[in-house]
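Residues per chain are reported as follows:
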Amino acid sequence: MAERAGGYRIGIDVGGTFTDFVLADPATGAIHTFKEPSTPHDPSEAVERGIRAMLEQHAVAAGSIDAIVHGTTLGLNAILQRRGAATVLVVSRGNRDVLELARCRMPSPYDFSLPRDEPLLPRDRVFEVNARCDASGEIIARPQASELDAVAERIRATEAHAAAVTLLNAYLTPSLEDEVAAALRERLPGVHITASTRVWPEMREYERAMLAVMNAYVHPMLDAYYERLEQRLRAIGIDADLYLTASNGGTLSVASARDRPVDTLLSGPASGVVAGCQLAARLGLDGMVSIDMGGTSCDMAVAEGGAPRLTTRAHVGEFPVIAPVVDVSAIGAGGGSVVWVDSQGVLKVGPRSAGADPGPVCYGRGGTEPTVTDCFLVTGLVDADAFLGGRMHLDRAAAERVLAELGRRIGFDGEDAAVRAADAAIRVATAMMGTALYKELAQRGVDPRGLALVAFGGAGPTQASLLADEARLDRIVVPLAPGTFCAYGAMQSEVRRDYVRSLRVRLTAAPAIDAVRASLAEMEAEALAWVSSEGARLAAPVITRSADMRYAGQAYDLAVPLTDADVEADAAALAERFHAEHARVYGFPDRESEVEVMTVRLSVSRALPPVEPATLAPGAGTPQSLGTRALHVRERGVEATVYHRDALHPGHRLTGPAIVEQSDTTVLVLPGWDGTVHAEGALVLTRKRGA
């Protein structure tokens, strides 16, 4: 077959079990997916193998690839498993215990015996220098050359590969950290040096120090990985722009990711949320809640107005991340979560997971504890012969044996003990997820009415109808290829970076509005300079601004979006903008109190050329079925019509109970739900009126 030329794009998502690939042709909208077993010892090996196989399968020349967008959890896993580089921290004299003290919070207010979390760096890897600013940003101490020589010698003795520099109040005067960092680079060649104010210059000494430490901790490992990745791509013959997915839902060039790898730590779940937002927008949906249910957990995120919600209160393990990231929360179990009975005879699901090895009992790899996937199989939701498109046969008899044994422990006897136990476990998991979902929505101030549930991941579409019924959501959207949806989202993400300046000014003070404008102008110049170097094929830059504001004396800030008019307005108008936002979120303003601007924020983005999904050939009426299958759902048996996803075309309709099988997942359509197929292949399920 002759190779085709053209500007193709590849999206990659590296998972623990599989590395997912999406190949897109922007000219036609054609999308091709591919899965390659992951290689944890060197993920770039699976990336190279997968790209080679995918290009050969679809007869695409390596030279026709214009852009590759790659998502990975390497940095996140290194921190969670504490496998990063040997790292040290340099602080102002008297601040050596910044990581030990943290926020002085106990692990539990009810159990004094619980051990405290260990800091990422022990105290003997924290070094002091006589350098600091006062609360106004004035430099009141600079280290002498002899002191820097001594500190560098002590760092050299630790055989550290990376160092972070965090000086008191340096967010107001970053030049002092720059001086110390430059002096250490000169004295410590080969050591990666991170200045905290070049990562995130925001007040809160512990959080800023922690972000700098995490950046330094993963820097050598990710720098080496990106180098290997580029070498492997060159070996294939690919000379394309390489981007890495970022925690804020955007992407970064490989040069930017190598400079500030901490920006990629929480990028794994963010790409799927971005793709969900885009799909919801194409369907005309204003708000959506996404669920990404994989092997270990089910993650949820909320989007309104076509954009994911961001948060500055995320954590990597127990460590805070104050830079903006997509607001994703774990709300329940995954397909590999273990089903068990506690000492009181109560049925539980998770949080332990069987993982990919040994995995669920039905995988036949030595697993001995029942999982959610085993329950899906025994209740008929998953077909033993159709799993992964028939490439993997599941052992239903083994799953039934362990579930029957578990069922007897909770009072289920007879031949149907296994199926009753499996159904009970699914109902427990669903109830847990529904409760957690409502809690997360309430904490975000989101009304669930009218939200659509966008379900992806290997187990998300199987669980979606059950969760929607539990949470009383009336619409479900299942993408055409939910198992590789995160890779698709990576490919569609915009180049984006966020900027911040801490001010702490009251709007009643005369220079306050001038300080706000000056900080925004400084960040905009920095942002435009950065984004201009991120690629030649990108669209024009888009700037957005916001301010974290509060009433004087409050402990928490409220993020207020700022338009161009807001920036040009006077202090009174800006205060009124905050009053209106406070009233919208909390139901009331307090115009008697003074308003403080604590922090101003700016983000810049540039879009890659869009990939418009191809429109599928239309169908009409009811699609051709594969027959029927007996299911056991919510304590009763039902006969479901079975369809294959490839047989569903725009215009087709189906009615629950039904099962839709495809190579990367199984979609459950409950009784009381109808399904239609969107033009690009997305399956839209709608609750019948009165159901």
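Here the structure is a predicted model, which means the values were calculated and not measured. (Residues numbered from 1 in each chain as written. Predicted model: local features only at pLDDT ≥ 70, side-chain atom pairs only at ≥ 80, totals over all residues. Heavy atoms only, no water.)

A. Broad picture of the pairing of strand E30 (residues 636-644). Where strand E29 (residues 627-633) meets E30, seven bridges bridge the pair, whose relative direction is antiparallel. By the bridge assignment for E30, His632 is matched with Gly637. Connecting E29 to the next strand, E30, in antiparallel fashion are two residues, including Arg634 with a positive phi near 55 degrees. As defined by bridge partners, E30 adjoins strand E32 (residues 658-662) across four bridges and the pair is classed as parallel. Residue pairing in the sheet places Val642 in a bridge with Ile659 of E32. (Pairing = 2+ DSSP bridges. Helix = DSSP H or I, 4+ residues; strand = E, 2+ residues; numbered from the N terminus.)

B. Spatial organisation of the packing of aromatic side chains. Under the definition given, this model contains six aromatic pairs. Aromatic pair Phe485 and Tyr488: ring centres 6.2 Å apart, planes at 15 degrees, arrangement stacked. Taken together, the residues span about one helical turn, with Phe485 and Tyr488 both in helix H14 (residues 485-492) at a distance of three residues. Among the residues examined, Tyr488 registers a relative accessible area of 9% and is labelled buried. Aromatic rings pair up to connect Phe456, Phe485 and Tyr488 into one cluster. (Phe/Tyr/Trp six-rings, centres within 6.5 Å; stacked < 30°, edge-to-face > 60°. Buried < 20%, exposed > 50% of the residue type's maximum accessible area, 1.4 Å probe, protein only.)

C. The arrangement of the pattern of salt bridges in detail. Per the counting criterion, the structure on display carries 58 salt bridges. The shortest N-O distance in the salt bridge between Arg427 and Glu635 comes to 3.9 Å. Taken together, the residues Arg427 in helix H12 (residues 417-443) and Glu635 in the loop between E29 and E30 connect sequence positions 208 residues apart. The structure contains a network of salt bridges with shared partners spanning Glu202, Arg204, Asp548, Arg550, Asp557 and Arg601. (Salt bridge = Lys/Arg side-chain N within 4 Å of Asp/Glu carboxyl O.)

D. Structural detail: empty space enclosed by the protein. Per the counting criterion, the structure on display carries four cavities of 30 Å³ or more. Roughly 160 Å³ of volume is contained in the largest cavity. Along the walls of the largest cavity sit 18 residues, with Ser247, Asn248, Asp263, Ala323 and Pro324 positioned nearest its centre. Considering every element that reaches the lining of the largest cavity, the biggest residue donor is strand E25 (residues 495-506), with three residues. When the residues that make up the lining of the largest cavity are grouped by side-chain class, the tally is 11 nonpolar, two polar and five charged. (1 Å grid on protein atoms, 1.4 Å probe; cavity = no way out; pocket = protein on both sides within 12 Å on 5 of 7 lines; lining within 4 Å. Points joined across faces, edges and corners; volume = space filled by probe spheres on them. Nonpolar A, V, L, I, M, F, W, Y, C, P; charged D, E, K, R; others polar.)

E. Up close: the domain arrangement of the protein. Along its sequence, the protein is carved into domain 1 (8-78 + 223-264), domain 2 (85-215), domain 3 (270-493), domain 4 (495-606) and domain 5 (625-687). If you average the C-alpha positions of domain 1 and of domain 2, the two centres end up 33 Å apart. Facing five residues of domain 1, the contacting portion of domain 2 comprises six residues. Between domain 1 and domain 2, a total of about 420 Å² is buried, with carbon and sulfur atoms accounting for 59% of that surface. Here domain 1 and domain 2 share zero salt bridges between them. Where domain 1 touches domain 2, the interface holds one residue pair in polar contact (both at pLDDT 80 or more). Tallied by class, the residues present in the side of domain 1 that touches domain 2 amount to two nonpolar, no polar and three charged. (Domains from an automatic or database assignment. Contact = heavy atoms within 4.5 Å. Buried area = accessible area lost by both parts, 1.4 Å probe. Polar contact = N/O pair within 3.5 Å; in protein donor to acceptor, adjacent residues only side chain to side chain.)

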